[in-house]
Amino acid sequence: TALDRHIALIGFMGVGKTTLGMQLADRIGRPFFDLDREIERSLRRTIPDLFRREGEAQFRIVEAERTLATLRFDRPSVLALGGGAIETAAIREALRKHALTVLVEADVDEAWERVQQSSRPLAKDREQFQALYERRRSLYEEAADVRARDADDIVLAALGIRIEPDSQPEGDALVADPRVLELHPHQLGETHTVREKTLEEAQRLWSELRISRDGTIVGYGGGTTTDLAGFVAATYMRGVRWISVPTTLVGQVDAGIGGKTAIDLREGKNLAGAFHYPEEVLIDPGLLSTLPEEERRAGMAEVVKTGLLAGRDVWELPEEAMLRACAAYKAGVCLADPYERDRRAILNLGHTFAHALEAASLYTVRHGDAVALGLLAALRLSGLPTDVVETVLDPRPVRVDREHAWQALLRDKKVRDGRIKLVLLQEPGQPVWGVEHPEAEVRAALDELIL
C-alpha cells in the first residue's frame with residue numbers, strides 16, 4: 001500500500017501525468033510535485049533551454065538529482081516524473097524503495113496528438129517519438145507496481161484494493177463467517193468460524209491461532225467478520241498481516257476497507273479497536289450473488305451514504321461500477337486521513353445515530369437499517385431533503401429503549417467533553433464535520449427514529 005509512501009506517476013510524455021497527479025493530490029490531501037516543473041523552478045530556466053544549451057546528458061544529471069531528492073522527502077506525496085526519468089537506474093531503485101509506482105497508460109498516437117505542437121525537445125519527429133516510446137516501454141513495465149488510467153485506479157491500488165471475480169486470497173489462517181463458508185467454500189492452513197465481533201470471540205481466536213509472527217490472517221465474511229479478523233490481527237503477537245475479503249455489500253463498499261478494526265462492547269459499538277490496515281482488500285462481486293435481499297438493502301445504506309458524501313448518484317450505477325466508485329471514494333478519504341484525525345470523520349455521516357440505535361437494540365437492529373435511519377436524521381439536521389433515503393432505502397423506525405439509545409449516543413467516539421459532534425451536509429458532495437447542534441434538537445432527531 002501507499003499509506004506511508006509516495007505515489008509516483010510514470011509514463012511517456014503526453015499521457016497526462018501532471019493533470020492526473022494534481023487531481024489525485026487534491027483528492028487525498030498530499031503535496032504534488034511535477035518533477036519537470038521542479039527542475040525548471042530550481043534552475044530558473046526551461047527544460048527546452050537546458051536541452052538546447054547543454055544537451056540531454058546534462059539534463060538527465062539534473063533530473064536525477066532533483067528526482068532522487070524528492071523521492072527521499074519524508075512526507076508522502078504525489079509525484080509526476082518526467083517521461084525519460086525511468087531510464088536512470090538510480091531513479092528506478094529509489095522508486096522501488098520509496099514509492100508506489102503507477103504507470104499512467106495512454107495510446108502512443110493519443111500522446112503524439114497532445115505534444116506534437118509543444119516545445120518538448122523530444123517531440124519533434126513522429127518516427128523518433130514512436131522509437132523512443134518503444135525503447136522506454138519495457139522500463140515502464142518493469143518499474144510499475146500498478147497500471148492506471150484514472151484517479152480511481154490509483155486510490156484503489158494505493159490501499160491494495162482489487163475488484164476481481166473469483167479472486168483467491170492466500171494466507172495462513174482463515175477467519176470466516178460459517179454461512180459464507182458453506183455457500184462459497186474456501187480452505188487455508190487453519191480455519192476459524194465466527195459469528196460476532198465480541199471480546200469473547202477475540203479471546204477464543206487468540207487462544208486457537210497457531211500462526212507465527214510472519215503469518216497472515218484472512219477475514220472472509222461481512223463487516224462483523226472482517227472487523228474481528230482485523231482486530232485480532234492487530235493484537236495477536238503484537239500485530240500480524242491480514243487480508244480483507246468482504247462478502248457482503250456493506251463490506252465491499254465500506255466496512256471491509258480502511259484499516260479500522262474493532263469489537264463491540266455492551267456499552268457501545270466499536271468501542272475497543274485499533275487501526276491496522278490490511279495488506280490487500282479483495283472484492284469479488286460474485287460473492288454477492290447469494291446475499292439475502294435484506295442484507296443487500298442494508299448494504300445500500302452505505303452506498304447512499306457514499307453518494308451523498310461524493311455528490312454522485314452512485315446507487316444508479318451497474319453493480320460492479322457502483323462497487324468500484326464506492327470503494328474508490330472511501331480509499332481516497334482514508335489515504336487523506338489514515339487514522340481519523342480530521343477529514344475521515346465524514347465517513348460517519350448518519351452513524352452517530354445508527355450506532356446508538358444498534359447499541360440500544362443489543363445489536364439486533366441490522367447495521368445497514370440503522371444507518372438508513374441515521375441518514376434521515378443527518379439530512380433533517382442539515383436542512384436537506386430526505387427523498388433519496390426514503391426512496392432508495394425506505395427506512396422504518398425501530399422499537400428500542402429511548403433512554404438507552406440516548407445514553408449510547410452520548411458515548412459515541414465523536415462526543416468531546418460531553419458535546420456531540422455531528423457529520424452533516426451543506427449540500428450533497430459538501431460534507432462538514434464536528435458540527436454542534438443544541439442537545440434538544442439532536443435528541444429530538446433521535447426520537448423520530450424510534451417507535
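Above this text sits the structure in question.
Computed from a predicted structure; not experimentally measured.

(A) Representation of the overall build of the protein chain. Counting its secondary structure elements, the protein chain contains 18 helices and 15 strands. Taking all 451 residues of the protein chain together, 56% fall into the buried category. Across the protein chain, the fraction of contacts at a sequence separation of at least 24, relative to all contacts at a separation of at least 6, is 71%. Carbon and sulfur atoms make up 46% of the accessible area of the protein chain, which totals about 20000 Å². Treating the 59 positive side-chain charges of the protein chain as one cloud and the 73 negative ones as another, the clouds have centres 5 Å apart.

(B) Looking closely at the pattern of salt bridges. Under the defined criterion, the tally for this structure stands at 41 salt bridges. A salt bridge links E134 to R137; the shortest N-O distance between them is 2.7 Å. Of the two residues, E134 and R137 both sit in helix α6 (residues 126-143), three residues apart, roughly one turn of that helix. Among the residues examined, E134 registers a relative accessible area of 35% and is labelled partly exposed.

(C) How the structure looks around the sheet that holds strand β7 (residues 173-176). Read from one edge of the open sheet, six strands run β6-β13-β10-β9-β7-β8, paired in parallel fashion. Each end of this open sheet is capped by a strand with a single partner; those strands are β6 (161-163) and β8 (190-193). Averaged over neighbouring strand pairs, the angle between their axes works out to 20° when direction is ignored. Bridge count between β7 and strand β9 (residues 216-221): four bridges; the pairing is parallel. Looking at β9, one finds that A173 is bridged to I217. Contacts between helix α10 (residues 223-235) and the sheet are confined to β7, β9 and β10 (241-246), with β9 contributing the most and set at about 165° to the helix. Sheet strands touched by helix α13 (residues 319-336): β6 and β13 (280-283). Its angle to β6, the strand with the most contacts, is close to 175°.

(D) Spotlight on empty space enclosed by the protein. Enumeration according to the criterion identifies four cavities of 30 Å³ or more in this entry. Here the largest cavity is characterised by a volume of approximately 80 Å³. Of all the elements in the fold, those that place two or more residues in the lining of the largest cavity are β12 (268-275) and α14 (351-360). Residues that form the lining of the largest cavity fall into these classes: four nonpolar, two polar and five charged.

(E) Region of the structure containing the packing of α14 against helix α15 (residues 367-382). Axis separation between α14 and α15 bottoms out at 7 Å; the angle between their running directions is 135°. Here α14 is positioned oblique relative to α15, judged by the angle of their axes. Judged by the sense of rotation from one axis to the other, the crossing of α14 with α15 is right-handed. In this structure, α14 uses H351, F353, A354, H355, L357 and E358 to contact α15, whose residues at the interface are H367, A370, V371, L373, G374, A377 and L381.

(F) Looking closely at the nonpolar core. Within the largest apolar cluster, 119 residues are counted, with the highest numbers of intra-cluster contacts made by I7, L81, L95, F129, F353 and L357. Grouped together as the second largest cluster of nonpolar side chains are 17 residues, I217, A229, A233 and I263 included.

(G) How the structure looks around the environment of V371. Along the chain, V371 turns up in helix α15. The class for V371 is buried, based on a relative accessible area of 0%. Placed 13 residues apart in sequence, V371 and E358 show a C-alpha to C-alpha distance of 9.4 Å. Discounting chain neighbours no more than four positions away, the residues touching V371 are A301, E302, H351 and A354.

Parameters and conventions
- Residues numbered from 1 in each chain as written.
- Predicted model: local features only at pLDDT ≥ 70, side-chain atom pairs only at ≥ 80, totals over all residues.
- Heavy atoms only, no water.
- Helix = DSSP H or I, 4+ residues; strand = E, 2+ residues; numbered from the N terminus.
- Buried < 20%, exposed > 50% of the residue type's maximum accessible area, 1.4 Å probe, protein only.
- Contact = heavy atoms within 4.5 Å.
- Areas by Shrake-Rupley, 256 points an atom, 1.4 Å probe, with all protein chains shown as cover.
- Lys, Arg positive; Asp, Glu negative; His and termini not counted.
- Charge placed at Lys NZ, Arg CZ, Asp CG, Glu CD.
- Salt bridge = Lys/Arg side-chain N within 4 Å of Asp/Glu carboxyl O.
- Pairing = 2+ DSSP bridges.
- Axes fitted to C-alpha atoms, helices over the stretch in contact; angles between N-to-C directions.
- 1 Å grid on protein atoms, 1.4 Å probe; cavity = no way out; pocket = protein on both sides within 12 Å on 5 of 7 lines; lining within 4 Å.
- Points joined across faces, edges and corners; volume = space filled by probe spheres on them.
- Nonpolar A, V, L, I, M, F, W, Y, C, P; charged D, E, K, R; others polar.
- Parallel < 35°, antiparallel > 145°, perpendicular 65-115°, else oblique.
- Left-handed = near helix turned anticlockwise from the far one by under 90°.
- Core = buried A, V, L, I, M, F, W, Y, C linked by side-chain atoms within 4.5 Å.

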